[in-house]
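Residue strings, one per chain:
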Amino acid sequence: YYDRSGALFKRITVDSLLFLDGVYFEKKITALNLDSGHKTVMEFLDLKVNKGLPDNLFTHRSLRK
């Protein structure tokens, strides 16, 4: 990520990928603030795909709830 002046201030890296049902997913992602040195790590531990969710869960009306 860059600030308004164009200087790099945050870097996002994908540290680990997982291949499930023919698709790659980010398993572990790190966000590093280059100014403060603070970092946030997101790790998905129990990723499941194609669980048979009904299409009506993804209508505009349902997603607004």
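Summarised in this report is the structure supplied together with it. Bear in mind that the values here come from a model prediction, so they are computed numbers and not experimental data.

For the rest of this paragraph, the subject is the overall build of the protein chain. A tally of regular secondary structure across the protein chain gives 1 helix and 3 strands. In sequence order, the secondary structure elements of the protein chain are arranged as β-β-β-α. Taken against the 2.2 N^0.38 rule, which gives 11 Å for 65 residues, the C-alpha radius of gyration of the protein chain at 17 Å runs more than 25% over that of a compact globule. For the protein chain, the spread of C-alpha atoms along the principal axes amounts to about 45 × 30 × 20 Å. Contacts spanning at least 24 positions in sequence make up 16% of the contacts within the protein chain whose residues lie at least 6 apart. About 5900 Å² of surface is accessible on the protein chain, with carbon and sulfur atoms providing 53% of the total.

Moving on: a nonpolar patch on the surface. Judged by side-chain polarity, V14, L17, F19 and Y24 come together as a nonpolar surface patch covering roughly 450 Å² of accessible area. When residues of the nonpolar patch are assigned to their parent elements, the largest contribution, 3 residues, is made by strand β1 (residues 10–20). Within the secondary structure layout, Y24 lies in strand β2 (residues 23–33).

Here we take up the pairing of β1. Inspection of the sheet shows β1 paired to β2 by 10 bridges, in the antiparallel sense. Opposite I12, over in β2, you have A31 as the bridge partner. Hairpin geometry of β1 and β2 is characterised by an intervening segment of 2 residues between the two adjacent antiparallel strands and by a positive phi of about 50° at D21.

Our focus in this paragraph is the sheet that holds β2. Where strands meet in a sheet, backbone hydrogen bonds hold them as pairs that are either parallel or antiparallel. If you trace the 3 strands from one edge of the open sheet to the other, you get β1-β2-β3, paired in antiparallel fashion. Each having just a single partner strand, β1 and β3 (39–43) make up the two edges of the open sheet. Neighbour to neighbour, the strand axes of the sheet diverge by 20° on average, direction disregarded.

Here is what the cut-offs are and how they apply
Residues numbered from 1 in each chain as written. Predicted model: local features only at pLDDT ≥ 70, side-chain atom pairs only at ≥ 80, totals over all residues. Heavy atoms only, no water. Helix = DSSP H or I, 4+ residues; strand = E, 2+ residues; numbered from the N terminus. Rg over C-alpha atoms; globule rule 2.2 N^0.38 Å. Contact = heavy atoms within 4.5 Å. Areas by Shrake-Rupley, 256 points an atom, 1.4 Å probe, with all protein chains shown as cover. Patch = residues over 30% accessible without salt bridge, like charges linked within 9 Å, V, L, I, M, F, W, Y side chains within 5 Å. Salt bridge = Lys/Arg side-chain N within 4 Å of Asp/Glu carboxyl O. Pairing = 2+ DSSP bridges. Axes fitted to C-alpha atoms, helices over the stretch in contact; angles between N-to-C directions.

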